[in-house]
Amino acid sequence: MRIKEILGKKLITDSITVSGWVRTKRTSKSVTFIELNDGSCFSNLQATVDNTEFEETVSGISTGTSVEMSGALIPSPASGQDIELQVKNIKILGGVSPDYPLQKKRHSFEFLRDIAHLRPRANTFGAVFRIRNILAYSVHEFFQERGYVYLNSPIVTTSDCEGAGEMFNVSTFNMENPPRTDKNEIDWTKDFFGKKASLTVSGQLEAEIFATSIGNCYTFGPTFRAENSNTSRHLAEFWMIEPEIAFANLKEDMDVAEAFVRHLFKKVIEKGGDDLDFINKRISQGITDLLEKLSKADFTRITYTEAIEILEKSGEKFEYPPSWGIDLQSEHERYLTEKAFDGPVFVTDYPKDIKAFYMRMNDDGKTVAAMDLLLPRVGEIIGGSQREERYDILLDRIKQLGLNPEDYWWYMDLRKYGTVEHSGFGLGFERIVQFVTGMSNIRDVIPFPRAPGLAEF
RNA sequence: GCCGAUUUAGCUCAGCAGGUAGAGCAAGCGGCUGUUAACCGCUGGGUCGUAGGUUCAAGUCCUACAAUCGGCGCCA
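Small disclaimer: the values here were computed from a predicted structure and weren't measured. (Residues numbered from 1 in each chain as written. Chains lettered and ligands numbered in written order. Predicted model: local features only at pLDDT ≥ 70, side-chain atom pairs only at ≥ 80, totals over all residues. Heavy atoms only, no water.)

A.B. asks: I'm lost on the nonpolar core in this one. Help?
C.D. replies: Within soluble globular proteins, side chains that are nonpolar tend to cluster in buried spots. Among the nonpolar cores identified, the biggest contains 63 residues, and Phe143, Phe260, Ile382 and Ile432 are the most heavily contacted of them. For this core, the element with the highest residue contribution is helix α4 (residues 123-145), accounting for 10 residues. For phenylalanine 143, the contacting residues outside a window of four places in its chain are Tyr148, Tyr218, Ile241, Pro243, Val256 and Phe260. Grouped together as the second largest cluster of nonpolar side chains are 26 residues, Leu205, Leu311, Leu328 and Tyr411 included. (Core = buried A, V, L, I, M, F, W, Y, C linked by side-chain atoms within 4.5 Å. Buried < 20%, exposed > 50% of the residue type's maximum accessible area, 1.4 Å probe, protein only. Helix = DSSP H or I, 4+ residues; strand = E, 2+ residues; numbered from the N terminus. Contact = heavy atoms within 4.5 Å.)

A.B. asks: Please clarify how the layout of surface pockets should be interpreted in this entry.
C.D. replies: Leftover empty space is mapped by rolling, across the atoms, a probe with the size of a water molecule. For the second largest pocket, the calculated volume is near 510 Å³. Forming the boundary of the second largest pocket are 25 residues, of which Gln103, Lys104, Lys105, Ala122 and Asn123 lie nearest the centre. Secondary-structure elements contributing two or more residues to the lining of the second largest pocket are β1 (13-27), α3 (109-114), α4 and α7 (273-283). Tallying contributions element by element places β1 first for the lining of the second largest pocket, with 5 residues. Here the residues of the lining of the second largest pocket sort into 9 nonpolar, 8 polar and 8 charged. Counting contributing residues per domain, the lining of the second largest pocket is built from domain 1 (3-94) and domain 2 (121-165 + 201-444), each supplying no fewer than three. (1 Å grid on protein atoms, 1.4 Å probe; cavity = no way out; pocket = protein on both sides within 12 Å on 5 of 7 lines; lining within 4 Å. Points joined across faces, edges and corners; volume = space filled by probe spheres on them. Nonpolar A, V, L, I, M, F, W, Y, C, P; charged D, E, K, R; others polar. Domains from an automatic or database assignment.)

A.B. asks: Could you clarify how one ought to interpret helix α6 (residues 250-271) in this entry?
C.D. replies: Along an α-helix, residues three or four apart share an orientation, since each turn contains 3.6 residues. The end-to-end C-alpha distance of α6 is 31 Å, a good match for the 32 Å that 22 residues give at a rise of 1.5 Å each. A side-chain oxygen of the first residue of α6 lies 3.1 Å from the backbone nitrogen of lysine 251; this N-cap is asparagine 249. Backbone geometry just after α6 places glycine 273 at a positive phi near 55°. (Expected span 1.5 Å × (residues − 1). Polar contact = N/O pair within 3.5 Å; in protein donor to acceptor, adjacent residues only side chain to side chain.)

A.B. asks: I would appreciate a short explanation of the protein's contact with RNA strand B in the present structure.
C.D. replies: In the vicinity of RNA strand B there are 50 residues, among which Ser28, Ser79, Arg113, His234 and Arg334 approach most closely. When the atoms of RNA strand B within 4 Å of the protein are grouped by moiety, sugar and phosphate amount to 47% of the total. A distance of 2.8 Å is found between a phosphate oxygen of RNA strand B and a side-chain nitrogen or oxygen belonging to serine 108. Within the contact set of RNA strand B, a sugar or linking oxygen lies 3.5 Å away from a backbone nitrogen or oxygen of glycine 383. When contributions to the surface near RNA strand B are tallied by element, the ones reaching two or more residues are β1, β2 (31-37), β3 (45-50), α3, β11 (237-246), α10 (330-340), β15 (379-386) and β16 (422-428). At 4 residues, the largest contribution of residues to the surface near RNA strand B is made by β15. For the surface near RNA strand B, the per-class residue count stands at 11 nonpolar, 23 polar and 16 charged. (Near = heavy atom within 4 Å.)

A.B. asks: Where do I start with the sheet that holds β11 in this structure?
C.D. replies: As a general point, the strands of a sheet are linked pairwise by backbone hydrogen bonds and lie either parallel or antiparallel. A sheet is described by the order of its strands in space; here 8 strands give the open sequence β6-β10-β11-β16-β15-β14-β13-β12, paired in mixed fashion. In the strand order of this sheet, the two ends are held by β6 (149-150) and β12 (300-303), each with one partner. For strand β13 (residues 345-351) and strand β14 (residues 367-375), the ladder comprises 6 bridges, and the chain directions are antiparallel. The partner of phenylalanine 346 across the bridge, within β14, is leucine 373. In the packing of helix α5 (residues 204-211) onto the sheet, contacts are made with β10 (217-224), β11 and β16, and the angle to β11 comes to roughly 30°. Contacting β12 and β13, helix α9 (residues 304-313) crosses the sheet at an angle of about 95° to β12. (Pairing = 2+ DSSP bridges. Axes fitted to C-alpha atoms, helices over the stretch in contact; angles between N-to-C directions.)

A.B. asks: Is there a simple way to explain the pairing of β15 in this structure?
C.D. replies: The side chains of a regular strand alternate, first on one face of the sheet and then on the other. For β15, the tally of buried residues reaches 6 of 8 residues, placing the bulk of the element in the interior. Relative to β15, β14 runs antiparallel, the two sharing 6 bridges. In the sheet register, methionine 371 faces β15, and the bridge partner there is glycine 384. Judged from the 5 bridges that link them, β15 and β16 form a sheet pairing that is antiparallel. Within β16, the position partnered with serine 385 by the bridge is glycine 424.

Here it is as C-alpha cells:
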C-alpha cells in the first residue's frame, strides 16, 4: 500500500507491506527509526526496527536506500506522528554507495538542477511536481467540464510564419552536406517533409481551424522557442495551454481566462495538502492565503492606454519611461501588478504595431483586441486576443507587416468560408506552476528543463 | 545577446596586508538516547573553475575563457 493512503486513513492493522526510499535513519541501542518515503505524498512513514533482530540489515541502510518492509501499523507512542510501522520483516531492495549526493540537509536548487535525475527525491521537488500534476489535471477538468474539445496540435510544423519567435529546425539532412539548389541554397524540397520544417512555437493557428468547425477547443502540449533567453521565466521547451473559443469576443475571452486561472488556484488549495503546506511555510510564505484571495477576487482589467497613464502619473522612476506606443517593460508590469493593483491585471487593446498580425483591429484603427494577463513576480502569464475574422482587413495586415499572404492560404480560407468571431489565449503552464509554488526559477518547476546549453537529462 | 556578481572538501560557505587551506553539514568508525534534518567523540577527504601573466612567493593581484546565479531584452 502507498504511504499516502496509509497516513490519510491513519490505518491501524496487523499486517501491511510498504516499499520506498529511506529519507533518514536514526539508530538507538535497541530500536532504529527509519523515515520512509514512497513519493506518493510529502510525509514520510516512520518505521521502527528491532536492532537485535535485524542488525545486519539495518547497518546496510542509509539515506536513499530502497527497502521493502512489512509489519504492523500501530498508534505511535511518541509525538510527531500519529501512526508508525512496527517492522516484522525488512528487505533492502537497492543499497546506496557513500557518494550518494542527496543528504538529509538543505541543498541549493542550483546543485539539485545538476542532478535532475535525483532531485525529485528532495522534499521541495516532490512537492512541486505533485502540485504540477494537480494543475495539469485541473486544466483538463476545467475545459472538459465546459465542453471544450482537447486538440492535439502538431509538434512539427512547416508554417514558417507563426511569428512567435525563433524556431528549431527539424530535418533528416546530413548537416555537413545537405542537398543544394542551383543557387547553392539548401534544397528543402528534398528534405523529409518536402519543405523546411520546425518545432511548433504555438498551436493557435491550428486551434482556430477546430474552433471554426467543432467549436470550442484547447491544446495542451509542448512548445518550443529557440530564443537565446537566459532568464528565470523562459524555457526553450515548455508546455502551453491554448484554448480557442468560437463566437467569442475579447471580453468573453478574458472571462474564460479569469475563470480558468481561478479554477487552477482553487484546485491547488483544495488538493495541495501537505505539499502546499510545505510550500506555504518554506518556499513562498503566505501563498495559500494569496491563492484563496485570488480565487475569489475579480482580476483588474485596464486598457493599455490606461496602463500608460497610470505609469506616467505614478511618480516612479522607471529605467524605461513609459510612453504610448512602446511595449510594457518588466518594471512596468511589476509596478502594475505589485504596486498599483497588488494582484492579477489584464491589460487590453495594445497598439497594433507591437502585436501580431492575427489580432483583431479595433475601430480606432490604432489598437488591436489583445489582452495580456500579468501576475505579480512572474509577469505575463497569458497572452491572448480576439482574432481578426474579416478577410480584407486580415489580408491588409499581413501585407502591411511584409508577410506573404500565400504562406497563410489555409488561415485565410477560414475567413473566406463562413468566418465567425472567435478568440483565444495561451497560458504558459510552467509560469502558473511557478506562481503557485513560488519557485523563483522556472527551470525548477519542469521535470527536465531545456534552455540554452541545458539538455542533459 | 547585454550588464553585474560568484566559482575554495560530497554540500553550504569562511579564508581579509599576497607567505604553502578552515568550519558546519555529509561520509566512515565508536558511544548514548523512543528517536524526529537526533546528540557526543574520533577519522578520512581539497592540483582553491580553466589557461596564461606579475612576484622570491598567488586561493588571495592582472588578463582571457568557461560555468552558475541575479537583472534586462525576446515572450508563455
